[in-house]
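Spelled out from the first residue to the last, the chains are:
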Amino acid sequence: MNYCNLITIFAFINLLVSIPHGYSNYVETKAGQFFSSGHTNNWAVLVCTSRFWFNYRHVANTLSVYRSVKRLGIPDSHIVLMLADDMACNYRNPKPATVFSHKNMELNVYGDDVEVDYRGYEVTVENFLRVLTGRLPPSTPRSKRLLSDDRSNILIYLTGHGGNGFLKFQDSEEISNMELADAFEQMWQKRRYNELLFIIDTCQGASMYERFYSPNLMALASSQVGEDSLSHQPDLGIGVHLMDKYTFYLLEFLEEVHPASQANMNDLFKVCPQSQCVSTPGHRTDLFQRDPGSVLITDFFGSVRKVEITKDTINLTSPVEPPIKRSGSSDIQIESLTYVDQLPVAEIIHQKPKQKDWHPPDGFILGLWTLILLVFFQTYGIKHLKHIF
Amino acid sequence: MPEKQRGRYAALAIAAVVIVVGIPLWWKTTETYRAWLPFSEISELDSLQLQLSVDIEVVFSRGTLTPEQQKKFPLSHVNEKEHQVDAKTGLRYKYETRYRTATIMEEDALNQPTAAEADLSLHMLSESSCGSVVVYVIPESSTLLPEDVKVYVGQRRTALLRSPPFKTSWNLKEVLSNLDVEVEQVVSTMSFGHQDIVAALSNRVRMTKVTKESMADSMRAIKSSPGYEITFSLLNPDPKSHSLHWDIEGAVQSYIQPLLNKLAPIANFSVDSQILYYAVLGVNPRFDNSVSAYTLSADSLSHVINPVEARLGSNAASSNPVLNFLLYVPDAHHSPLFIRDHSKRKVPSNAFHSPRWGGIMVYNVNEMYGPEAERPVDININMAKVMGVFLAQLRLMLGVQHTHPPTGFVLQSPGSAGLADWELDRLLWSRSVENIATASTTITSLAQLLDQIGNIVINDNIAQQVSSAVTSLQSAVAELEAGNLAFALQYSREAILASERAFFDPSLLHLLYFPDDQKFAIYIPLFLPMCVPIVLSLLKIVSEAKKRRADKQAKSD
């Protein structure tokens, strides 16, 4: 009896001792989880490189990734969006101010909260490389810069027309895979990223990530070398193909992801298998330090902040001093301000008609007279000229 | 045949002109301008050997030592420790300790009733230089410090250490070796610690074995930058019920500005504030019946920041990092709102922060008015309480590390300046080392880049920036060795500014679209048609000369 009691008491004490130890373990693992990915902020650089109306799908691709990234939490101040042509306000767009990604106009990815940082002819290889390496002129505003630091995870998405080892910009220039790899190396040298996810949706996209050599890079492409990436569905009302297959299924996958989801990179690699995409998507993870299975989608596409509770405060006792009032400002007489008369109707009504300056005759008149003179001289011959002049 | 000879001479002259004049001219006019860079000095900077010197003064007050032991004073002693962080980076810590007895005035100062007053009067007597530590050893039986307190660290750079028991029979050496352990503890608290310095070198050295604590510290503190922007925002989601007044200008002047003035050697700060109406948190708080209040759990806090950040403005003109401090006053229907930590306990400060971004504090106003008050209610926010939280968060953001002093240590609270002098010194040490490490890696990688890519134009201003960065770096390392912390920081700041300006200069984009095969494609249509007749005529001359020699030989035979 006594022995039984002793054992229960002993077990109870053991339990009591181990509970705080287990609790501290729990707190440790939570803290460990918080800092496991090593990043504190997220950036996204989304680039569409093609012009012309028939490349509508590339703009729709970029805008769908932009929409997902914003939905998952990355703010506009941390997104650099480069669109090489304006599809929403294109003259050939039957539905202006919209860019659809699903046929029958189901989803308008343009929305009313789009901030395009580089538009039209500003999207060049030089500007893209300048954004990546940070070598922008001092007059560049904040929204056009990639102000990442060594704890930023960056998502880079490129789409357009490409080939084996190059990507076409604006139908007139190219960026080669070596230049891209060098740009990433310069970013690494300056510690401008913690981890980088590179997604490319072009023909022969896998050739663009072949030459990477900097650490902490993960790359995905929509097709292998020698394969073409195909477009998904045309919309008969708009008249062009709306999306590329790979980005279409990527968008569908991302619509399922919410800021607290635990989906990881292995799920992303499975997006759009050959049966759906016709081309074979590829990926490259050998330069990446962590195991892709432990990398959350929201590590790159979303912006889940690490937060800590503020435990200490400082005791402030001295009273708040009012700011030093600038002396003499109240003495200056402020004259009452008025608007300039925007539409001086009285002046317009009572205006005298302006004397019109003489202009030489218009092209049409000139042409007509020249024709008449030509016919005249042809019929009557040049010897009659002296009779005229 | 003068005709043929003339032709021969003409061909030879043309070939001569092309080779002697044409080729150098073409080479000179098509080469890219590359100003001279001090490559040899830059490669020397690649391997960094830093020496950090600390001046320690140990002052013995009356009653700690016997006159026998005091005979040898003043005495000085140097202690050196070496650490090789990796193949290219080495650290040496030099502790120069001087021992002396206290002067009459210092004895008077130590006679004050409390430790805080003693510290203040000691400070009145002399100002210790940046980076140095002064330890006053007081008798074991002294009542200046409470019973269980061994060390009292003041607001400036002085500490009061209760003397460990000495035997009167010991000679000076034994006394000092006994004391060294205690002094070392004090110095490691007040001056830099090895982990902090290694963390500051994270730009140069790949961190593989760091403690979770130091990695969390390195992730929390913002990177060294020439300037910072601090933005205070008041979020009022319910202007219909609450009309909030906050005297932000006065509060910043009284509380924040002294701290920023003290931190002026480190960076430039610009402070602004804004008020946002109808700004909601992105998370719905849950009503907790047990405390009849709304609560935000710790897990949902991470999702609070993003929807708010989209609405916060920032200064478009500068590229400095921004630290945001948000004060959220919950709307009338969701008051009071408390934050719960991981163990579901209430957080006394009701605030949380995100590393390198800023902090958010929830300020409940439901107790300031009754249900019959006329809406909107005028509320004056207690800025002292708010700024107390923000100041603590600001200290964490700027890298003032959390010190966990050993047992028996009492740290005097920083007071109105918000930062003790020795905390500032710790920050200066880590900032100087960080700046030097960053500047040296920037310069060496820039030199490597320029060496590798042959057709980048190096303008004169880049060469000048690089040279000034190199000289500033060398001066900074020298000043660190000499122990002049303030100068070291200044030089390191200049070095980092110059190196960043040089690295990020817009002209350093290498000439695109000129790969070698394209160069050939450009030059061949220009030069080949010109070269063909010259080469052919030269060949013809040579073959004719050979034939003539053969004829002569045949003739002579």
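Just so it is clear, the structure is predicted and the values come from calculations on it, not from any experiment.

**What to know about the sheet that holds strand β5 (residues 151-153) of chain B**
Residue and element names in this part refer to chain B.
Consideration 1: Sheet architecture is open: 7 strands sit in the order β2-β3-β1-β4-β6-β5-β17, paired in mixed fashion. With partners counted over all chains shown, the strands left at the sheet margins are β2 (75-86) and β17 (409-411), one partner each. Ignoring strand direction, the axes of neighbouring strands in this sheet form an average angle of 20°.
Consideration 2: Judged from the 13 bridges that link them, strand β1 (residues 48-60) and strand β3 (residues 89-101) form a sheet pairing that is parallel. Bridged to Val54 within β3 is Tyr95.

**Things to note about the UniProt feature "active site" (unreviewed entry) in chain A**
Residues and elements named next belong to chain A.
Consideration 1: When the UniProt feature table is mapped onto this chain, "active site" (unreviewed entry) is found at His161 and Cys203. On the basis of their most widely separated C-alpha atoms, the annotated residues across 43 residues gather in one place, lying no more than 6.4 Å apart.
Consideration 2: Here His161 shows up in the loop between β4 (152-159) and β5 (162-163).
Consideration 3: Every residue in contact with His161, bar those within four places of it in the chain, is listed here: Thr49, Ser50, Asn55, Arg57, His58, Leu167, Lys168 and Thr202.
Consideration 4: A distance of 2.8 Å separates a polar atom in the side chain of His161 from a polar atom in the side chain of Asn55.
Consideration 5: Secondary-structure assignment places Cys203 in the loop between β8 (195-201) and β9 (217-221).
Consideration 6: Residue classification places Cys203 among the buried residues on the basis of a relative accessible area of 17%.
Consideration 7: Not counting chain neighbours up to four residues away, the residues in contact with Cys203 comprise Gly162, Gly163, Ser223, Glu227, Asp228 and Ser229.

**Digging into unusual backbone geometry**
Consideration 1: Cis geometry is adopted by the peptide bond preceding Pro336 of chain B, which originates at Ser335 of chain B and carries an omega value of -15°.
Consideration 2: Inspection of the secondary structure assignment puts Pro336 of chain B in the loop between β12 (322-328) and β13 (337-339).
Consideration 3: Residue Pro376 of chain B follows Arg375 of chain B across a cis peptide bond; omega there is -10°.
Consideration 4: For Pro376 of chain B, the location among the structural elements is in the loop between β15 (358-362) and β16 (377-380).
Consideration 5: The phi angle at Asp171 of chain A is positive, at roughly 65°, despite the residue not being glycine.
Consideration 6: Taking relative accessible area as the criterion, Asp171 of chain A reaches 43% and is therefore assigned partly exposed.

**Describing the state of the cysteines**
Consideration 1: Enumeration over the complete set of coordinates arrives at 1 disulfide over all chains.
Consideration 2: This cysteine, Cys89 of chain A, is not joined by any disulfide, and Cys48 of chain A carries the nearest cysteine sulfur, 15 Å off.

**Focus on the sheet that holds strand β7 (residues 173-176) of chain A**
Residue and element names in this part refer to chain A.
Consideration 1: Spatially, 3 strands are ordered β5-β6-β7 in an open sheet, and the strand pairing comes out antiparallel. Here the strands that pair on one side only, and so sit at the sheet edges, are β5 and β7.
Consideration 2: One ladder, built from 4 bridges, connects strand β6 (residues 166-169) with β7; its direction is antiparallel. Paired with Phe166 across the strands is Ser176, a residue of β7.

**What to know about the UniProt feature "transmembrane region" (unreviewed entry) in chain B**
Residues and elements named next belong to chain B.
Consideration 1: Mapped onto this structure's residue numbering, the UniProt feature "transmembrane region" (unreviewed entry) falls at residues 9-27 and 520-539.
Consideration 2: As annotated, residues 9-27 has a helix share of 100% and a strand share of 0%, and its two end C-alpha atoms lie 26 Å apart.
Consideration 3: For residues 520-539, helix accounts for 100% and strand for 0%, while the C-alpha atoms at its two ends are 24 Å apart.

**Examining empty space enclosed by the protein**
Residue and element names in this part refer to chain B.
Consideration 1: Following the criterion strictly, the structure yields 4 cavities of 30 Å³ or more and no others.
Consideration 2: Space inside the second largest cavity adds up to approximately 50 Å³.
Consideration 3: Lining the second largest cavity, in full, are Ser224, Ser225, Pro226, Ile266, Asn435, Arg493, Ile496 and Leu497.
Consideration 4: The residue inventory of the lining of the second largest cavity, partitioned by class, reads 4 nonpolar, 3 polar and 1 charged.

**Side note on the pairing of β9 of chain A**
Residues and elements named next belong to chain A.
Consideration 1: Judged by how many residues are buried, β9 sits mostly within the fold: 5 of 5 residues are covered.
Consideration 2: What you see with β9 is no split at all: Leu217, Ala219 and Ala221 on one side and Met218 and Leu220 on the other are buried throughout.
Consideration 3: Judged from the 5 bridges that link them, β8 and β9 form a sheet pairing that is parallel. Counted as the bridge partner of Ile200 is Ala221 from β9.
Consideration 4: The pairing of β9 with strand β10 (residues 282-284) spans 3 bridges and is antiparallel. Directly across from Leu220, in β10, lies its bridge partner His283.

**A look at the packing of aromatic side chains**
The relative placement of two aromatic rings is captured by the distance of their centres and the angle of their planes.
Consideration 1: Scanning the model with the defined rule gives 24 aromatic pairs over all chains in all.
Consideration 2: Note on Trp188 of chain A and Tyr193 of chain A: the rings are 5.5 Å apart at their centroids and 50° apart in plane angle, and the pair reads as tilted. Tyr193 of chain A shares its class with Trp188 of chain A; the two are buried.
Consideration 3: Chaining the aromatic ring pairs together yields one cluster made of Trp26, Trp27, Tyr523 and Phe527 of chain B.
Consideration 4: Between the NZ or CZ atom of Lys144 of chain A and the centre of the ring of Tyr118 of chain A, over which it lies, the distance is 5.1 Å.

**A word on the nonpolar core**
Consideration 1: Residues Leu52, Phe232, Ile381 and Met387 of chain B are the most contacted members of the largest nonpolar core, which totals 123 residues.
Consideration 2: Top element by residues in this core is helix α12 (residues 421-452) of chain B. It accounts for 14 residues.
Consideration 3: Excluding residues within four positions of it along the chain, Leu52 of chain B makes contact with Leu91, Arg92, Tyr93, Lys94, Phe192, Ile197, Trp429, Val433 and Leu480 of chain B.
Consideration 4: Of all hydrophobic cores here, the second largest spans 52 residues; its members include Ala60, Phe100, Leu250 and Ala263 of chain A.

**Things to note about the packing of helix α9 (residues 248-262) of chain B against helix α11 (residues 383-398) of chain B**
Residue and element names in this part refer to chain B.
Consideration 1: Running from N to C, α9 and α11 point in directions that differ by 35°, and their axes come no closer than 10 Å. The chirality of how α9 crosses α11 is right-handed. Taken together, the residues of α11 that come into contact with α9 (itself represented by Ile248, Ala251, Val252, Tyr255, Ile256, Leu259 and Leu260) are Met383, Ala384, Met387, Leu391 and Leu394.
Consideration 2: In terms of residue class, the contact of α9 with α11 is made up of 12 nonpolar, no polar and no charged.

**Some points on the pairing of β16 of chain B**
All names here are of chain B.
Consideration 1: Side chains Val377 and Ile379 of β16 all project onto a buried face; the interleaved residues Asp378 and Asn380 project onto a face where none is buried.
Consideration 2: Note: strand β8 (residues 242-245) against β16, 4 bridges, orientation parallel. Residue pairing across strands places Leu244 opposite Ile379, the latter belonging to β16.

Criteria and thresholds
Residues numbered from 1 in each chain as written. Chains lettered and ligands numbered in written order. Predicted model: local features only at pLDDT ≥ 70, side-chain atom pairs only at ≥ 80, totals over all residues. Heavy atoms only, no water. Pairing = 2+ DSSP bridges. Helix = DSSP H or I, 4+ residues; strand = E, 2+ residues; numbered from the N terminus. Axes fitted to C-alpha atoms, helices over the stretch in contact; angles between N-to-C directions. UniProt positions renumbered as here; feature names shortened; annotations may be inferred. Contact = heavy atoms within 4.5 Å. Polar contact = N/O pair within 3.5 Å; in protein donor to acceptor, adjacent residues only side chain to side chain. Buried < 20%, exposed > 50% of the residue type's maximum accessible area, 1.4 Å probe, protein only. Disulfide = S-S within 2.5 Å. 1 Å grid on protein atoms, 1.4 Å probe; cavity = no way out; pocket = protein on both sides within 12 Å on 5 of 7 lines; lining within 4 Å. Points joined across faces, edges and corners; volume = space filled by probe spheres on them. Nonpolar A, V, L, I, M, F, W, Y, C, P; charged D, E, K, R; others polar. Phe/Tyr/Trp six-rings, centres within 6.5 Å; stacked < 30°, edge-to-face > 60°. Lys NZ or Arg CZ within 6 Å of the ring centre and 35° of its normal. Core = buried A, V, L, I, M, F, W, Y, C linked by side-chain atoms within 4.5 Å. Left-handed = near helix turned anticlockwise from the far one by under 90°.

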